[in-house]
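# Remarks on the overall topology
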Amino acid sequence: MKRFDFVQPASLSQALGAWKPGAVWLGGGTSLVDLMKTGAATPDRVIDITRLPGLRGIEVLADGATRIGALVSNADLARDDGFASRFPMVAEALLSGAS
Ligand SMILES: Cc1cc2nc3c(=O)[nH]c(=O)nc-3n(C[C@H](O)[C@H](O)[C@H](O)COP(=O)(O)OP(=O)(O)OC[C@H]3O[C@@H](n4cnc5c(N)ncnc54)[C@H](O)[C@@H]3O)c2cc1C
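Residues numbered from 1 in each chain as written. Predicted model: local features only at pLDDT ≥ 70, side-chain atom pairs only at ≥ 80, totals over all residues. Heavy atoms only, no water.

## Concerning the domain arrangement of the protein chain
Segmentation of the protein chain into domains returns domain 1 (5–48) and domain 2 (58–97). Relative placement of domain 1 and domain 2: their C-alpha centres are 25 Å apart. (Domains from an automatic or database assignment.)

## Overview of the packing of aromatic side chains
Across all of its chains, the model carries one aromatic pair by this definition. Taken together, a centroid distance of 5.1 Å and an interplanar angle of 40 degrees make the contact between phenylalanine 83 and phenylalanine 87 tilted. With relative accessibility at 5%, the residue phenylalanine 83 sits in the buried group. Overall, the relative accessible area of 29% leaves phenylalanine 87 in the partly exposed class. (Phe/Tyr/Trp six-rings, centres within 6.5 Å; stacked < 30°, edge-to-face > 60°. Buried < 20%, exposed > 50% of the residue type's maximum accessible area, 1.4 Å probe, protein only.)

Next comes the structure, spelled out in structure tokens:
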């Protein structure tokens, strides 16, 4: 396996500061780790964003749009009452897609 830096920033600003060309964000790792194992993805740096605070919110904005945090899981979004009542087809699709 190609060597890479593994970075675990404690804040959003640290995460953004850690990014450079050749770096990737690590979410759940479901896809990324498999791609790295097969050599399909060969990042120089992996930035683990899963511990960052403030990225799990689901917020309805004044104009009716919804802002979804980068760390909100499909299941949490689909089961959010406010989201599911406003976007029932999306909520259903999220739950149907997951294995
Ligand atoms: C066995 C298996 C079964 C699967 N089944 C399903 C399924 O049923 N339905 C389905 O929809 N998908 C499925 N997938 C695909 C996978 O779950 C999705 O691609 C999922 O979105 C990966 O999320 P993750 O958080 O694990 O992303 P990761 O694997 O961590 O990252 C995937 C990519 O997204 C980037 N990334 C991650 N987080 C962010 C972020 N916050 N901002 C910007 N970029 C980011 C990474 O850099 C990487 O390029 C499956 C994958 C596997 C291996």
